[in-house]
Amino acid sequence: MKKIAIIGAGVSGLTAAQLIKNKTDIVVFERESKAGGLIRCERVNGSLFHTCGGHVFNTKDQQVLDWFWQQFNKDTEFHKTDRNSVIFLPNGQQIPYPIENFAYLLEESLQKTFIQDLLTMSKTNSQPVENFKEFLQQRFGDTLYHLYFEPYNKKVWRRSLADVPIDWLDGKLPMPTVEEIIYNNFNRVAEKQFVHSSFFYEKQNGSQLIVDRLASGLDIRYNASIEQIERKQGKWLINGETFDNIIFCGNIKDIPHLVKGVDILSFTQPIEALQYHGTTAVFCEIDANPYSWIYLPDDKYEAHRIICTGNFAVSNNGHIPANRITATVEFTDEISQDAIIDNLRHIPLRPKYITLKYNQYTYPIQQKNTREMIASLKRTLSAHGFYMTGRFADWEYYNMDAAMAAAKNISEIIKS
Ligand SMILES: Cc1cc2nc3c(=O)[nH]c(=O)nc-3n(C[C@H](O)[C@H](O)[C@H](O)COP(=O)(O)OP(=O)(O)OC[C@H]3O[C@@H](n4cnc5c(N)ncnc54)[C@H](O)[C@@H]3O)c2cc1C
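Residues numbered from 1 in each chain as written. Predicted model: local features only at pLDDT ≥ 70, side-chain atom pairs only at ≥ 80, totals over all residues.

### So, the packing of helix α4 (residues 108–124) against helix α5 (residues 132–157)
Part 1 of the argument: The geometry of α4 relative to α5 is characterised by a closest axis approach of 7 Å and an angle of 155 degrees between their N-to-C directions. Classed by the angle they form, the pair α4 and α5 counts as roughly antiparallel. Of the two possible hands of crossing, α4 and α5 adopt the one that is right-handed. Within the contact between the two elements, α4 uses Leu110, Thr113, Phe114, Asp117, Leu118, Met121 and Thr124 and α5 uses Gln138, Gly141, Asp142, Thr143, Leu144 and Leu147. (Axes fitted to C-alpha atoms, helices over the stretch in contact; angles between N-to-C directions. Helix = DSSP H or I, 4+ residues; strand = E, 2+ residues; numbered from the N terminus. Parallel < 35°, antiparallel > 145°, perpendicular 65-115°, else oblique. Left-handed = near helix turned anticlockwise from the far one by under 90°. Contact = placed C-beta atoms within 7 Å.)

### Overview of the site of the ligand
Part 1 of the argument: As a matter of local geometry, the ligand sits amid 36 residues, with Gly8, Gly10, Gly37, Gly250 and Gly390 nearest to it.
Part 2 of the argument: Contributions of two or more residues to the shell around the ligand are made by α1 (11–20) and α12 (400–415).
Part 3 of the argument: A per-class count over the shell around the ligand returns 16 nonpolar, 14 polar and 6 charged.
Part 4 of the argument: In this structure, the shell around the ligand is formed jointly by two domains, domain 1 (2–31 + 224–274 + 367–415) and domain 2 (39–97 + 191–203 + 277–364), each of which donates at least three residues. (Near = placed C-beta within 6 Å. Nonpolar A, V, L, I, M, F, W, Y, C, P; charged D, E, K, R; others polar. Domains from an automatic or database assignment.)

### What to know about the environment of aspartate 142
Part 1 of the argument: The residue aspartate 142 is located in helix α5 in this model.
Part 2 of the argument: Look at aspartate 142 and you get partly exposed, because 17 C-beta atoms sit within 10 Å.
Part 3 of the argument: Between the C-alpha atoms of aspartate 142 and tryptophan 168, which are 26 residues apart in sequence, the distance is 22 Å.
Part 4 of the argument: Other than its neighbours up to four places away in sequence, aspartate 142 contacts Asp117 and Gln137. (Buried ≥ 20, exposed ≤ 12 C-beta atoms within 10 Å, placed from the backbone.)

### Some details on the domain arrangement of the chain
Part 1 of the argument: For the chain, the assigned domains are domain 1 (2–31 + 224–274 + 367–415), domain 2 (39–97 + 191–203 + 277–364) and domain 3 (110–184).
Part 2 of the argument: The interface of domain 1 with domain 2 comprises 12 residues on the first partner and 9 residues on the second.
Part 3 of the argument: Among the elements that take part in the side of domain 1 that touches domain 2, α12 stands out by supplying 4 residues, more than any other.

### A look at the sheet that holds strand β7 (residues 94–96)
Part 1 of the argument: Strand order across the open sheet formed by 7 strands is β7-β6-β16-β17-β18-β15-β19, with mixed pairing between neighbours. At either end of the open sheet lies a strand with only one pairing partner, and these are β7 and β19 (352–365). Averaged over all adjacent pairs, the angle separating strand axes in this sheet is 25 degrees, with direction ignored.
Part 2 of the argument: Pairing analysis gives 10 bridges linking strand β15 (residues 275–287) to β19, with the strands arranged antiparallel. Its bridge partner lying in β19, histidine 277 is registered against tyrosine 363.
Part 3 of the argument: Lying on the sheet, helix α10 (residues 337–344) is in contact with β15 and β19; it crosses β19 at an angle near 110 degrees. (Pairing = 2+ DSSP bridges.)

### Things to note about the nonpolar core
Among soluble globular proteins, nonpolar side chains are generally buried collectively.
Part 1 of the argument: In this structure, Ala5, Ile6, Ile246, Ile247, Phe248 and Ile306 are the most contacted members of the largest nonpolar core, which totals 101 residues.
Part 2 of the argument: Here isoleucine 246 is in contact with Ala5, Ile7, Ile229, Trp236, Phe386 and Tyr387, once residues within four sequence places are set aside. (Core = buried A, V, L, I, M, F, W, Y, C linked by C-beta atoms within 7 Å.)

### Description of the environment of lysine 34
Part 1 of the argument: Here lysine 34 lies in the loop between β2 (24–29) and β3 (41–44).
Part 2 of the argument: For the pair lysine 34 and histidine 257, spaced 223 residues apart in sequence, the C-alpha separation works out to 25 Å.
Part 3 of the argument: Those residues in contact with lysine 34 that sit more than four places away from it in its chain are Arg40 and Tyr222.

### With respect to the sheet that holds strand β12 (residues 241–243)
Part 1 of the argument: Pairing is mixed in the open sheet, where 4 strands are placed in the order β12-β11-β10-β14. Looking at which strands have only one partner, the edges of the open sheet turn out to be β12 and β14 (259–260).
Part 2 of the argument: Pairing of strand β10 (residues 229–232) with β14 involves 2 bridges; the strand directions are parallel. Counted as the bridge partner of glutamate 230 is lysine 260 from β14.

### Some points on unusual backbone geometry
Glycine aside, a negative phi is what most residues show, and trans is what most peptide bonds show.
Part 1 of the argument: Proline 98 follows tyrosine 97 through a cis peptide bond whose omega is 0 degrees.
Part 2 of the argument: Inspection of the secondary structure assignment puts proline 98 in the loop between β7 and α4.
Part 3 of the argument: With phi around 45 degrees, asparagine 45 is a residue other than glycine that occupies positive phi space.
Part 4 of the argument: Mapped onto the elements of the fold, asparagine 45 is located in the loop between β3 and β4 (47–50).
Part 5 of the argument: A residue is classified by how many C-beta atoms lie within 10 Å of it, and asparagine 45, with 11 of them, is exposed.
Part 6 of the argument: Within the chain, arginine 158 stands out as a residue other than glycine whose phi angle is a positive 55 degrees.
Part 7 of the argument: By the C-beta count within 10 Å, which is 13 here, arginine 158 ends up partly exposed.

### Considering α4
Part 1 of the argument: Under the 1.5 Å per step criterion, the end-to-end length of α4 is 24 Å for 17 residues, consistent within 8% with the ideal 24 Å.
Part 2 of the argument: Among all positions of α4, only Phe114, Asp117, Leu118 and Met121 are buried. Seen from one end, α4 has its buried residues packed into an arc of 110 degrees, which puts them on one side. Seen from the open side of α4, the exposed residues pointing more than 90 degrees away from its buried face are Glu108, Ser109, Lys112, Gln116, Leu119 and Lys123.
Part 3 of the argument: Residues of α4 that are buried make contact with α5 and α6 (178–187). (Expected span 1.5 Å × (residues − 1). Arc of directions from axis to C-beta.)

### A short note on the pairing of β2
Sheet faces and side chains relate simply in a regular strand, where the side chains alternate between the two faces.
Part 1 of the argument: Pairing of strand β1 (residues 2–7) with β2, which is carried by 6 bridges, proceeds in the parallel orientation. What sits directly across from alanine 5, in β2, is valine 27.
Part 2 of the argument: The β-α-β motif built from β1, the intervening α1 and the parallel element β2 has right-handed crossover chirality.
Part 3 of the argument: Relative to strand β9 (residues 220–221), β2 runs parallel, the two being bridged by 2 bridges. The partner of phenylalanine 29 across the bridge, within β9, is arginine 221. (Right-handed = clockwise from strand over helix to strand, strands pointing away.)

What follows is the structure, given as C-alpha cells:
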C-alpha cells in the first residue's frame, strides 16, 4: 500500500483523505489543534461562532452532492433553506439581493436613471472589459454601480475597482443580460441560479459537523505544523517519516521554503507576488431579523457583510435574549478591536461584540498569469508524486463544493 501524507485537515485535505483511505495508508498533518481550517466553528458561552464567516453548503455538481449525502444524513442532520439576503442601503432602504432583480423597489428618480442605463447597456454589454469596475458598470449600469456595487466592493477589496482583476469572476457573480434584468423586474422573479440561492445548514454544530465527520477514523496529527518536506531517494520525508506521495492542501505561499530536493527556485518570485486578503470575523449578538446575510455598502462603517448565523440553526444562539440572534460581522483584513467597537456603534441591528478571529488568508486574488504559473509548478512537483489541491494551494476562489471536487480529482490520480 502506498503511504501518503496529506498536509491540512480543512475541507480539501479531509475530502481527499476520505476518498483514498481504503486504497492507501494515510497520515494527515494539521497545524491547529482541531480540524476545519476556514470552516472551523467554536462554542462561545454556548453560542456557535463560525470563526470565518458563516458557512452554508450547496453545489451544482451532482457527483459532489451524491458523495456529500453518502457522508451525512440530509433529513436528520441538515435543514434546507431559501436564501433571504438583503442590502441595507445608506438611505435606510432595505432592498432584497440581488439588487438588479428588485430595481422596481428603488425610489422613482433611481428607477428612471436605471432605465436609461438599461438602454445604454443593451448596446454595450458585450464589449470586452479590462477590470472589475468596467465589468460591473457594463453589466449593471452606473446607477446600481454607484448605489451598491462600488461602495460594497470597495470595502471588500480595499482598492479602486479599476485595479481589481476579473480572472477570478467566472461563476462567482450572477451575470444577467439586460433582457433578464427587465424580465425579472416585470415579473418579480427572485434569483434562483446562484449556488447559494438555497442552501443546506447543519442542525447542530454548523460546518464543524462536516469536518468532524470527515476527520473521523483518520490518522490525524494535530498541532503539527509542517515546516519541511524533503525529496530524498525517490521518497518524501516529513519529520523523519517516509511517504510515497504528498497531497498538499496548505498555502502555496509556503511551498518555496517548505519543499526541498526539487528545483522550484524559479517559482519563488511569482508565488511571493500573489496577492490576497484576510478577514476579521467579529462574533456579535444582533436584533432578531429574518435574513440569511446582509450586505452593507454604507461607507459610514468598514464592515461589509453580516452573516446571521443565528437564523441558520436555533442551536447556534446559546443563551442570548429571545429578541436577539448571533451573527458574524465581516471586515476585510485585520481591524483593531477599538476600530471594531467604534464601527459596531454605527452598524444596523445594534450589534454587541462577543469575540473575534482574524484569518490572514481568506481571499486569494487571481492575476492574469496566476493559473498558468500554478499549473507549471504543479507539473514540476507532480512528476515527483507531490500534488496540490485546496483554496490556497490552487489559489482559487473555491467554495466548499469546489474544494471537494478538486480534492476528488487528485484522489483519482493517486488511486490510478
Ligand atoms: C469569509 C468566507 C466565507 C465563506 N463561505 C462559504 C460558504 O458559505 N459556503 C462554501 O461552500 N464555502 C464558503 N467559503 C469557502 C470555504 O471556506 C473554502 O472553500 C474551504 O474552507 C477551503 O478549504 P481548504 O481545505 O481548501 O482550505 P483551508 O480551510 O484553509 O484548510 C487548510 C488547512 O491546512 C492547514 N495547514 C496549512 N499549512 C499547514 C502546514 N504547513 N502544516 C500543517 N497544516 C497546515 C491549515 O491549518 C488548515 O486547517 C467561504 C470562505 C470565506 C473566506
